[in-house]
Amino acid sequence: MNQYLERWEKDLAVEIEELEEGVLNAPQHLLGCHISPATGVQIFTAYRPCALTMWLLDAGGKVVCEMEPVGTEGMFGAVIEKKKDFLEKYSFRVKYSDNDIIDIYDPYAYGKSITDFDCFIFGEGKHYNLYDKLGAHREVIDGVEGTRFAVWAVHARSVSVIGDFNMWDGRLHKMMLHGKSGIYELFVPGAWEGAAYKYEIVAQDGEKMYKTDPYGNFAELRPGNASRITDLNGYEWHDGKYLKEFNKKPHESRDREPMNIYEVHLASWKKRVEDDDNGNYSYRELAHMLGDYVEQMGYTHIELMGIAEYPFDGSWGYQVGCYYAPTSRYGEPKDFMYFVDEMHRRGIQVILDWVPAHFPKDAHCLGNFDGQALYEHPDRRRGEHPDWGTYIFDYGRKEVMNFLIANALFWVEKFHVDGLRVDAVASMLYLDYGKQDGQWLPNKDGGNEHYEAVEFLQQLNTVMAERNPGAYIIAEESTAWPGVTAPVKDNGLGFSYKWNMGWMNDFLEYMKLDPYFKQFHHGQLCFSIDYYLSERYILVLSHDEVVHGKCSLWNKMPGLEGDKYAALRAAYGFMYGHPGKKLLFMGQEFAQKREWAEFRSLDWFLLDEDVRHRQMQDYIRTCNELYKKYDAFYFNDFDVMGFEWMDCSRPQTSTVAFIRRGKTAKNQLMFILNFTPVAHEKYTVKAPCKGKFTEILNSDDSRFGGGGRLNEKPITAREVVSEDKKTGDEKEYELELYLPPLTAIVLLYDYQS
C-alpha cells in the first residue's frame, strides 16, 4: 500500500471503525478529497461496498490511476504526490463486475450549503424559510445535477439517505452532521427528480429506522410511504395581480367582505371510479370541475380537507404524515399549484385545513424520529392523545415550533393558499383535553392551560401577519377560551376568525326537535346572539356534523319528506341571516340524504332522480347570489350596528325576526323565520322604520320546492298607535304579512328616519 495511504489509515482509524459499524456522522473527514497537512499530498478516498475495482478520473473523465483497497472492505484510496498534478475536479469509475462498470461523482466533493447562522436561527425557532434548507432540493453544482438532502435528527448516531439512486444501501451516502445542531446534510450527484428516498437513521442504541422526509415535498402514493424528489421551482404562476390585491388588504377590511365557504373533501366530492381508493380525479381536472361548480353556485371560498400527505384515508387528512407535501392521491405538487392558480383566476380563495395539534404513530412518520421523542413531547402525559392514538407536538421545543410555523408559511408562500383553518385548537390549549386523571401533567402553576401551545399560536399568528398580511388563520376551537381572535398585543391568540362550534351545536339540536317541542328550547335558537360579538366568528355546518352516525343535515330535520326539505331551507335561511361568515360542507347544498363517507362520491344522482334536490341546490345558489349582492349580509358581521332583533320572544310559535344593516341606509334586510309547520295568515311583527319592504327571498317559493305562498307585493310598514306616542317618543312601526310554514323570508328595505 502507498505509504501515504498507510499513514492516512492510521490517523483515521476511529472514523474507519465508525464507518464499519455504520455510525459515522462526519464522513467528510474520512471520504472525498483531502490535502494531508502532514505530507502535503492529495488523497482521494471512496467507499463502495461490493466494488471489485475503482479508478480516479480527472475533470474530463480520463483515468488518472487505479485506486488501492484501503481501510476496510469496499474502501479505496489514491494519492497524487506532486502539487502540479493536483485535481480540482474529479470523479470515480467503479467496477462491480465485467458487465457492471459505472462512473460516479463523489458526494463528498461538495461542501455544505447550510450555514452556522442557519443552524443558529433554527435553534432559536426563527428560521421561517427553513423549507428552503431542509428536505430534498434539486441543484446543479459545477454542471453536475443532483439533489441536496438535509434533515434534523439531533439524537441520531448517524443518518444516511437511501433511495432508488443508491439501491437503498445506507452505507453509500452517509450524511454530514452540522456540529451540535442535529442537522445532517449531503449533496447526492445523480439523484434524479421522481426518485423515491428515505432516511436511514441509526439511534443511540444501534436500532435502525427508516423515515419519510419531514420536509419532503412529494410522497409515494399510499400504501407506499417513501418520499420522492421533486422541484417546486419552475411553475409559471398567473395570479400575481390577484395576490398583490389580496395581500395589501388589512384584516379589518376583510371583515367587511363576503366570505361564503364551500368545504370540500376532494376524493369524495366526485370520483372518477366508484369503489376504488385510487379512482380519483387529478388536481388539474378538479381545478376546472370544482372551479366551474363553485363559480356557478356563487361561493367566494373553498376549504380543502386533508391536503398535506397522510397515510390513512379514514383519517380524512387529519393525521398528517408529511407536512410539506401535497397528497399524491391527486397528482404532483405542481399539479396542486395549478389547482390554486386556477381558483385564483376565477376569484375563488383557497383555505387549507392544517393540523399542528397531533400526528400519527406510523413507524415511517415523525414519532420517535431519531430513536427518541423529537417532534413529540417526551413525557407521555404531554406527548400523547390517549383517545386519538396520536402524538402531541412538543411546543416548548423551539425547533419543533419552527417546523410548524415554517410549514404554515410554506403553504401560503410556496402554494399561494389564502388561509389556513387550524384543526383541533382546543386540544392544544388544554393539557387535560381528552384525558383522565393521571394522564396529564399540569402547567407550572398547577393549571390545565398549555402555556407553550399558547405561545406557539401567538407566534404563528404574529409571524403570518407580518410576512403575509392578507392571509388569514382560522381556529377550530370548541370551548369558551377568551380572546381567540383578539390581537396578540392584547394577550389574545391572534386568529383571524373562529369557527362558531357552539352555534352549530345549539342550532342543529334545535332543528332536530319535533316542532311541538321547539317552543321549550327557544333559547337554543337565540342564545348565540348574546355572544356573537365576542369573537370574529364563522358559522359552520361542517363535515363533522354529517358523519359517524350523525346523518346528513336533511335527515336531521323532523317530519315527513316534504317537511324535511322545507325545514332545511328555513335552517339555511337563518344561517345566511345570522351575523358571521359562512361555511357549508359539500353535498348539503343539494340535500344529500346519506351521511358523508370519504370512500365514495357525493350522491350526485339525486339531482336526476328527484327534482327537490335540484330545487334545494337552486335555493342555495340564490342565497349565495343575494349574499354577495347585498352587503347587509356581511358588512357589519362583527359590529353591533349589524344586527337587531325585531322579535325573539314568541317561543310558542317558534318564530323570530331580525334585521341586518349594511354600509349605508339603503338595501337593508329583514329576516322573518317560522320553524313550525303552521302557517300564519296575518303575521304581525315589529318593523325597524317606515317605508316599503319588498320580499327578495322566500324559501316557500315553488321554484325551491315550496308551496308558492309568497308576499308578491311590497309590504308597507304601518305606524303603531300606542300610549308611548303621547309622550313624544320615537314612532314605532309594524309589518303584516303571510308567513308560510317552515319558511325563511328576506325583505329588502331602505331605512327611513
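In case you missed it, the structure is sitting above this.
The rules behind the values
Every chain is numbered on its own, with residues counted from 1 as its sequence reads. In view of the model being predicted, local features appear only for residues whose pLDDT reaches at least 70, and side-chain atom pairs are presented and counted only at 80 or more, with totals across whole chains, interfaces and linings using the full set of residues. Note: side-chain values were computed over all heavy atoms of the structure, leaving out hydrogens and water. A helix here means a DSSP run of H or I that spans at least four residues, while a strand means a run of E at least two residues long, and both kinds are numbered starting from the N terminus. Buried residues are those whose accessible area, probed at 1.4 Å on protein chains only, stays under 20% of the maximum for their type, while exposed residues exceed 50% and partly exposed ones sit between those limits. Throughout, a residue-residue contact means that at least one pair of heavy atoms, one from each residue, lies within 4.5 Å. Areas reported here follow the Shrake-Rupley algorithm with a probe of radius 1.4 Å; residue values treat only the protein chains shown as occluding. For patch building, the residue pool is restricted to those with more than 30% relative accessible area and no salt bridge; the joining distance is 9 Å between like charges and 5 Å between nonpolar side chains (Val, Leu, Ile, Met, Phe, Trp, Tyr). Salt bridge criterion: a side-chain nitrogen from Lys or Arg within 4 Å of a carboxyl oxygen from Asp or Glu. Lys and Arg are tallied as positive, Asp and Glu as negative. Neither His nor the chain termini are counted. Just so you know, the charge point we use is NZ for Lys, CZ for Arg, CG for Asp and CD for Glu. Only strands that DSSP links by at least two bridges are regarded as paired with each other. Each axis is a line fitted through C-alpha atoms, taken for helices only over the stretch in contact, and angles between the N-to-C directions span 0 to 180 degrees. Residues belong to one nonpolar core when they are buried, are Ala, Val, Leu, Ile, Met, Phe, Trp, Tyr or Cys, and are joined through side-chain atoms within 4.5 Å. Aromatic rings from Phe, Tyr and Trp, taking only the six-membered ring of Trp, are treated as a pair when their centres fall within 6.5 Å; an angle between ring planes under 30 degrees marks them as stacked, one over 60 as edge-to-face, and anything in between as tilted. Counted as a polar contact is a pair of N or O atoms within 3.5 Å, where, for protein atoms, one must be capable of donating a hydrogen and the other of accepting one, and residues adjacent in sequence contribute only when both atoms are in side chains. Put simply, the grid is 1 Å and covers the protein atoms alone, a cavity is a trapped set of points that fit a 1.4 Å probe, a pocket is an open set with protein on both sides within 12 Å along at least five of seven lines, and lining residues have an atom within 4 Å of a point. Grid points are joined across faces, edges and corners, and a volume is the space filled by probe spheres set on the points. Gly falls in the polar group here, along with every residue not listed as nonpolar (Ala, Val, Leu, Ile, Met, Phe, Trp, Tyr, Cys, Pro) or charged (Asp, Glu, Lys, Arg).

Trainee: A description of the overall build of the chain should follow, citing residues and the corresponding values.
Mentor: Each helix and strand in the chain was counted, giving 20 helices and 38 strands. Dimensions of the chain, computed from the C-alpha atoms along their principal axes, are close to 115 × 60 × 45 Å. Within the chain, buried positions represent 59% of all 753 residues. Partitioning the contacts of the chain with sequence separation of at least 6, the portion at a separation of at least 24 is 71%. Element-wise, carbon and sulfur atoms account for 48% of the exposed surface of the chain, whose accessible area totals about 30000 Å².

Trainee: Quick rundown of a negative patch on the surface? Include the residues and the values.
Mentor: Together, Glu-274, Asp-275, Asp-276 and Asp-277 make up a region of like negative charge exposed at the surface. As for its position among the elements, Asp-276 is in the loop between α6 (266-269) and α7 (283-297).

Trainee: Explain the sheet that holds strand β33 (residues 680-687) to me, using residue names and the numbers behind them.
Mentor: Reading across the sheet, the three strands line up as β33-β37-β36 and stay open at both edges, with antiparallel pairing between neighbours. The open sheet is flanked by β33 and β36 (718-720), the only strands paired with a single partner. With strand direction ignored, the average angle separating the axes of adjacent strands in the sheet is 40°. Of the pairings in the sheet, the one linking β33 to strand β37 (residues 732-739) comprises six bridges and is antiparallel in character. Each bridged residue has a counterpart across the sheet, and for Ala-687 the counterpart in β37 is Tyr-733.

Trainee: Give a description of the nonpolar core that names residues and reports values.
Mentor: Counting 207 residues, the largest nonpolar core has Phe-149, Tyr-262, Phe-336, Phe-339, Tyr-375 and Trp-411 as its most contacted members. Ranked by the residues each element gives to this core, the list is headed by helix α10 (residues 398-415), at 12 residues. If we ignore the near neighbours within four places in the chain, the residues touching Phe-339 are Leu-266, Tyr-283, Leu-286, Ala-287, Leu-290, Ile-302 and Leu-304. One finds Ile-659, Phe-693, Ile-745 and Leu-747 within the second-largest nonpolar core, a separate group that totals 19 residues.

Trainee: Tell me about the pattern of salt bridges, and please be specific about residues and values.
Mentor: If you walk through the whole model with that rule in mind, you get 50 salt bridges. A salt bridge links Lys-498 to Glu-477; its shortest N-O distance comes to 3.0 Å. Taken as a pair, Lys-498 in strand β27 (residues 497-499) and Glu-477 in the loop between β26 (472-475) and β27 lie far apart in primary sequence, 21 residues in all. The class for Lys-498 is buried, based on a relative accessible area of 4%.

Trainee: Can you lay out the packing of aromatic side chains for me, pointing to particular residues and giving the numbers?
Mentor: Evaluation of the coordinates by the stated rule reveals 66 aromatic pairs. Where Phe-336 meets Phe-339, the ring centres are 6.0 Å apart and the plane angle is 15°; that geometry is what we call stacked. Remark: Phe-339 and Phe-336 occur in helix α8 (residues 333-345); sequence separation between them is three residues, near one turn of the helix. Residue classification places Phe-336 among the buried positions, given a relative accessible area of 0%.

Trainee: Go over the side chain of Gln-588, please, and point to the residues and values.
Mentor: Mapped onto the elements of the fold, Gln-588 is located in the loop between β29 (581-585) and α18 (606-609). One polar contact links the side chain of Gln-588 to the main-chain amide nitrogen of Leu-553, over a distance of 3.3 Å. Residues contacting Gln-588, with those up to four places away along its chain left out, are Val-546, Ser-552, Leu-553 and Tyr-572.

Trainee: For a nonpolar patch on the surface, give the residues involved together with the corresponding values.
Mentor: Taken together, the side chains of Tyr-516, Phe-517 and Phe-520 define a hydrophobic patch exposed on the protein surface, amounting to about 360 Å² of accessible area. As for its placement among the helices and strands, Phe-520 is situated in the loop between α14 (515-518) and α15 (522-526). Overall, the relative accessible area of 52% leaves Phe-520 in the exposed class.

Trainee: Go over the layout of surface pockets, please, and point to the residues and values.
Mentor: The space that makes up the largest pocket amounts to roughly 550 Å³. Lining the largest pocket are 22 residues, with Trp-388, Asp-423, Ala-424, Glu-476 and Asp-544 positioned closest to its centre. Ranked by the residues each element gives to the lining of the largest pocket, the list is headed by helix α11 (residues 425-429), at three residues. When its residues are assigned to classes, the lining of the largest pocket shows nine nonpolar, eight polar and five charged.

Trainee: Any chance you could break down the environment of Lys-174 for me, citing the residues and the numbers?
Mentor: Looking at the element boundaries, Lys-174 is found in the loop between β11 (158-163) and β12 (176-177). When the C-alpha atoms of Lys-174 and Glu-220 are compared, they prove to be 23 Å apart, with 46 residues separating the residues in sequence. When sequence neighbours within four positions are dropped, the list of residues in contact with Lys-174 reads Gly-22, Val-23, Leu-24, Pro-27, Tyr-108, Ser-158, Val-159, Ser-160 and Leu-186. A polar contact of 2.8 Å, which involves the side chain of Lys-174, links it to the backbone oxygen of Gly-22. There is a polar contact of 3.3 Å between the side chain of Lys-174 and the side chain of Ser-160.

Trainee: Could you give an account of the pairing of β26, with specific residues and numbers?
Mentor: Across a regular strand the side chains alternate sides, sitting on one face of the sheet and then on the other. Because side chains alternate across β26, one face comprises the buried residues Tyr-472 and Ile-474, and the other comprises Ile-473 and Ala-475, equally buried. Sheet topology note: the strand β25 (residues 419-422)/β26 ladder contains four bridges and is parallel. Across the sheet, residue Leu-420 finds its bridge partner in β26, namely Ile-473. As paired strands, β26 and β27 are joined by two bridges and run parallel to one another. Pairing of Ala-475 across the sheet is with Lys-498, part of β27.

Trainee: Can you lay out the side chain of Asn-674 for me, pointing to particular residues and giving the numbers?
Mentor: Structurally, the position occupied by Asn-674 is in strand β32 (residues 668-674). A relative accessible area of 0% means that Asn-674 is categorised as buried. A distance of 2.7 Å separates a polar atom in the side chain of Asn-674 from the backbone oxygen of Val-678. The residues touching Asn-674, leaving out its near neighbours within four places in the chain, are Ala-570, Thr-653, Ser-654, Thr-655, His-680, Leu-739, Pro-740, Pro-741, Leu-742 and Thr-743.

Trainee: Would you mind going over empty space enclosed by the protein in detail, with residue names and values included?
Mentor: Enumeration according to the criterion identifies six cavities of 30 Å³ or more in this entry. What lines the largest cavity is Gly-306, Ile-307, Ala-308, Gly-317, Val-320, Leu-352, Asp-353, Trp-354, Val-355, Trp-411 and Leu-420. Per-element accounting of the lining of the largest cavity gives the leading share, three residues, to strand β21 (residues 349-354). Residues of the lining of the largest cavity, tallied by class, amount to eight nonpolar, two polar and one charged. The volume enclosed by the second largest cavity comes to roughly 60 Å³. Together, Arg-254, Glu-257, Pro-258, Met-259, His-301, Gln-349, Tyr-472 and Tyr-497 line the second largest cavity. Classifying every residue of the lining of the second largest cavity by side-chain character gives four nonpolar, two polar and two charged.

Trainee: A description of the sheet that holds strand β1 (residues 32-35) should follow, citing residues and the corresponding values.
Mentor: A sheet is described by the order of its strands in space; here four strands give the open sequence β1-β2-β6-β5, paired in antiparallel fashion. Either end of the sheet is taken by a strand with one partner, and the two such strands are β1 and β5 (68-69). Judged from the four bridges that link them, β1 and strand β2 (residues 42-47) form a sheet pairing that is antiparallel. Paired with Ile-35 across the two strands is Gln-42, which belongs to β2. Strands β2, β5 and β6 (75-80) of the sheet are contacted by helix α1 (residues 3-11), whose axis makes an angle of about 125° with β6.

Trainee: If you had to explain the pairing of strand β34 (residues 692-698) to someone new, which residues and values would you point to?
Mentor: Sheet topology note: the β34/strand β35 (residues 715-716) ladder contains two bridges and is antiparallel. Bridge pairing links Phe-693 to Ile-715 in β35.

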